Amino acid sequence: MSSLDRLTQHAEARVAQLHETGRHRTLKPTHRMAGARASRAGRDLVSFCDNDYLSLACDERLIDAACEAARRYGVGAGASRLITGNCPLNGILESRLAEIKATESCLVFGSGYLANVGAIPALVGRRDTILMDELSHSCMHAGARLSGAEIRIFEHNNVRHAETLMQDAPGQVLLMTETVFSMDGDVAPLDELAALCERHEAWLMTDDAHGFGMLDQANPALVQMGTLSKSAGAYGGYVCAPAPVIEMLTSRARSLVYTTGLPAPVLAAALAALDIMKAEPERAVQARSNAALFCDLMALPAPESLVVPVIIGDEDRAMAISAALEQEGFLVTAIRPPTVPEGTSRLRITFAAGHSEADVRRLAQALKEVVPA
Ligand SMILES: Cc1ncc(COP(=O)(O)O)c(C=O)c1O
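Residues numbered from 1 in each chain as written. Predicted model: local features only at pLDDT ≥ 70, side-chain atom pairs only at ≥ 80, totals over all residues. Heavy atoms only, no water.

Novice: Even after reading the chapter, I still don't get the packing of aromatic side chains, so can you show me in this structure?
Specialist: To describe a pair of aromatic rings, one takes the distance between the centres and the angle between the planes. All chains considered together, the criterion is met by four aromatic pairs. Ring centres of Phe 212 and Tyr 238 lie 5.6 Å apart, and the angle between their planes is 55°; this geometry places the pair in the tilted category. Taken together, the positions of Phe 212 in the loop between strand 8 (203-207) and strand 9 (223-227) and Tyr 238 in strand 10 (residues 237-241) put the pair 26 residues apart, joining distant regions of the chain. Of the two residues, Phe 212 and Tyr 238, both sit in the buried class. An aromatic cluster is present here, built from Phe 48, Phe 294, Phe 330 and Phe 351 joined pairwise through their rings. (Phe/Tyr/Trp six-rings, centres within 6.5 Å; stacked < 30°, edge-to-face > 60°. Helix = DSSP H or I, 4+ residues; strand = E, 2+ residues; numbered from the N terminus. Buried < 20%, exposed > 50% of the residue type's maximum accessible area, 1.4 Å probe, protein only.)

Novice: Where do I start with the site of the ligand in this structure?
Specialist: Lining the immediate surroundings of the ligand are 13 residues, of which Gly 112, Asp 207, His 210, Thr 227 and Lys 230 lie closest. In this structure, an oxygen atom belonging to the ligand sits 3.5 Å away from a side-chain N or O atom of His 137. Between an oxygen atom of the ligand and a side-chain N or O atom of Lys 230, the distance comes to 2.9 Å. For the ligand, the accessible surface in isolation is 390 Å², of which the surrounding protein chains cover 85%. (Near = heavy atom within 4 Å. Polar contact = N/O pair within 3.5 Å; in protein donor to acceptor, adjacent residues only side chain to side chain. Areas by Shrake-Rupley, 256 points an atom, 1.4 Å probe, with all protein chains shown as cover.)

Novice: Explain the sheet that holds strand 7 (residues 173-178) to me, please; I cannot follow it from the model alone.
Specialist: Strand pairing in a sheet relies on backbone hydrogen bonds. The paired strands run either parallel or antiparallel. The seven strands are arranged 4-10-9-8-7-5-6 in an open sheet whose pairing can be described as mixed. Each edge of the open sheet is held by one strand with a lone partner, namely strand 4 (105-109) and strand 6 (150-154). Averaged over all pairs of adjacent strands, the angle between strand axes in this sheet comes to 20°, irrespective of strand direction. In terms of strand pairing, strand 4 meets strand 10 through five bridges, oriented antiparallel. (Pairing = 2+ DSSP bridges. Axes fitted to C-alpha atoms, helices over the stretch in contact; angles between N-to-C directions.)

Novice: Any chance you could explain the state of the cysteines here in plain terms?
Specialist: Covalently bonding the sulfur atom of one cysteine to the sulfur atom of another cysteine gives a disulfide. Considering all chains together, one arrives at zero disulfides under this definition. Here Cys 295 stays free of any disulfide, with the sulfur of Cys 49 as its closest cysteine sulfur at 17 Å. Residue Cys 295 is classed as buried on the basis of its relative accessible area, which comes to 2%. (Disulfide = S-S within 2.5 Å.)

Novice: Would you take a moment to explain the packing of helix 12 (residues 282-297) against helix 14 (residues 357-370) for this structure?
Specialist: How two helices pack is summed up by the angle between their axes together with the distance between the axes. The N-to-C vectors of helix 12 and helix 14 enclose an angle of 30°; their axes lie 10 Å apart at closest approach. With respect to their mutual orientation, helix 12 and helix 14 come out roughly parallel. Note that helix 12 runs across helix 14; the crossing there is right-handed. Judged by residue contacts, Asn 290, Leu 293, Phe 294 and Leu 297 of helix 12 engage Glu 357, Val 360, Arg 361, Leu 363, Ala 364, Leu 367 and Lys 368 from helix 14. For the contact of helix 12 with helix 14, the residue count by class is seven nonpolar, one polar and three charged. (Parallel < 35°, antiparallel > 145°, perpendicular 65-115°, else oblique. Left-handed = near helix turned anticlockwise from the far one by under 90°. Contact = heavy atoms within 4.5 Å. Nonpolar A, V, L, I, M, F, W, Y, C, P; charged D, E, K, R; others polar.)

Novice: Mind showing me how you'd approach the domain arrangement of the protein chain here?
Specialist: How big an interface is tends to be stated in terms of accessible area lost as the parts join. Domain boundaries assigned for the protein chain yield domain 1 (29-57 + 281-370) and domain 2 (77-262). On the domain 2 side, the residues contacting the 19 residues of domain 1 number 16 residues. Across the domain 1/domain 2 interface, buried area totals approximately 1,400 Å², and carbon plus sulfur atoms make up 58% of it. Taken together, the connections running from domain 1 to domain 2 amount to one salt bridge. In this structure, Asp 184 engages Arg 346 in a salt bridge whose closest nitrogen and oxygen atoms are separated by 3.3 Å. Counting residues per element, the ones that place at least two in the side of domain 1 that touches domain 2 are helix 12, strand 11 (307-313) and strand 14 (345-350). Looking at the side of domain 1 that touches domain 2, the element that brings in the most residues is helix 12, giving three residues. (Domains from an automatic or database assignment. Buried area = accessible area lost by both parts, 1.4 Å probe. Salt bridge = Lys/Arg side-chain N within 4 Å of Asp/Glu carboxyl O.)

Novice: Just checking my understanding: could you explain the pairing of strand 3 (residues 43-47) for this structure?
Specialist: Put simply, side chains in a regular strand alternate between the two faces of the sheet. Note: strand 2 (residues 37-40) against strand 3, four bridges, orientation antiparallel. Paired with Arg 37 across the bridge in strand 3 is Val 46. In this structure, the hairpin formed by strand 2 and strand 3 is closed by a connection of two residues, where Ala 41 is found at a positive phi of approximately 50°. In the sheet, strand 3 pairs with strand 12 (residues 330-331) via two bridges, with the strands oriented parallel. Bridge assignment links Val 46 to a residue of strand 12, and that residue is Phe 330.

Novice: Looking at this structure, how should I read the pairing of strand 5 (residues 129-133)?
Specialist: The buried fraction of strand 5 amounts to five of the five residues, a majority that puts the element mostly inside the structure. In strand 5, alternate side chains face the same way, and those of Thr 129, Leu 131 and Asp 133 on one face and Ile 130 and Met 132 on the other are all buried. The pairing of strand 5 with strand 6 spans five bridges and is classified as parallel. Note on strand 6: the bridge partner recorded for Met 132 is Ile 153. Sheet topology note: the strand 5/strand 7 ladder contains four bridges and is parallel. Along strand 7, the bridge assignment pairs Met 132 with Met 176.

Novice: I'm lost on the pattern of salt bridges in this one. Help?
Specialist: A side chain of one charge can pair with a side chain of the opposite charge if their charged atoms are brought near each other. Scanning the entire structure with this criterion turns up 19 salt bridges. Between Asp 359 and Arg 362 there is a salt bridge whose closest N-O contact spans 3.9 Å. Pair noted here: Asp 359 and Arg 362 are both in helix 14, with a separation of three residues, about one helical turn. Look at the salt bridges and you will find they share partners, linking Asp 59, Arg 61, Glu 280 and Arg 283 into a network.

Novice: What exactly am I supposed to notice about the environment of Leu 262 here?
Specialist: Secondary-structure assignment places Leu 262 in the loop between helix 10 (254-257) and helix 11 (264-279). Relative accessible area serves as the criterion here: at 7%, Leu 262 is assigned to the buried category. Between the C-alpha atom of Leu 262 and that of Asn 86, which follows or precedes it by 176 residues, the distance is 9.0 Å. Sequence-distant contacts of Leu 262, that is, excluding residues within four places in its chain, are made with Ala 77, Val 108, Phe 109, Gly 110, Tyr 235, Gly 236 and Leu 267.

Quick look at the structure:
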């Protein structure tokens, strides 16, 4: 058998397995538009499944900033930021983020995923311990595994369990959690976790991917990672931390050192988004009130964030409900294992500034019809 045949056979066997276990996924061409709208297969949809919480990704001001930056700096960074690629917009963005996060310094990465897989192994290594919440995002797990540290998983938001696991933990302890949990929408007990870390000289690191610009709560974590791809509507990741930590990451985070910097248009769009977030706080208020209205209409507990899970359980049923909602004009993707634990397939419904009250009311009505109580 040729190498090509062997490779093809291997891939086909894996794909067949994915079909058998219901885990096969496909990419669906979708045209995203302003006002939380999208078009797919000729159908106009209201999107209730993206993380563009402030509806900035298609905002003309971000688009203009990106176009202008492309004309001024070009569309590619040319190399790693340490070689030739440090576009001046990086520094401006880093200063702004450090100011917003009230930390000494900041380092921008290519994405949130890259920030975690770069920063975590730069902070701890083989002789150390990582304590992480069981619902932490996949890229925190990836970063933890890359570090070689001993990984201990504590029950979701259970500070007492984290403390128990900390007792005999070898080396330096890095405790990691999300501020807002991406699939459940609840928030972490940051003050209690920070106090626990302080008692044990551990370091608290948070992933603020879904809290940035949306949570009013101050963040006591020493290392605050986040992304510019969600509420900021653009792309890229960052780590905010004390200045010596950022200096260390600049030389040690492999996903910064060995990869090309972000394109200038993306940096400019993120900067424009930060201006809008500051100038138009009513966007966050609108998004939050949309989430609250939905929960009220559906008799769900009040939301802690803009992510509202409607747990369906069975994977096929979740997929069928998602398809039925699409027929009604709503983009609400079903989230299945392994992204969420077995038996908890769900509709992960997200709310944005671009949704009108009528959009939210129509979604609640459609959902009641396709998921009878
Ligand atoms: C909690 C969390 N962390 C990190 C990321 C990765 O961020 P990015 O999309 O910028 O790579 C995501 C993205 O889905 C996320 O939900």
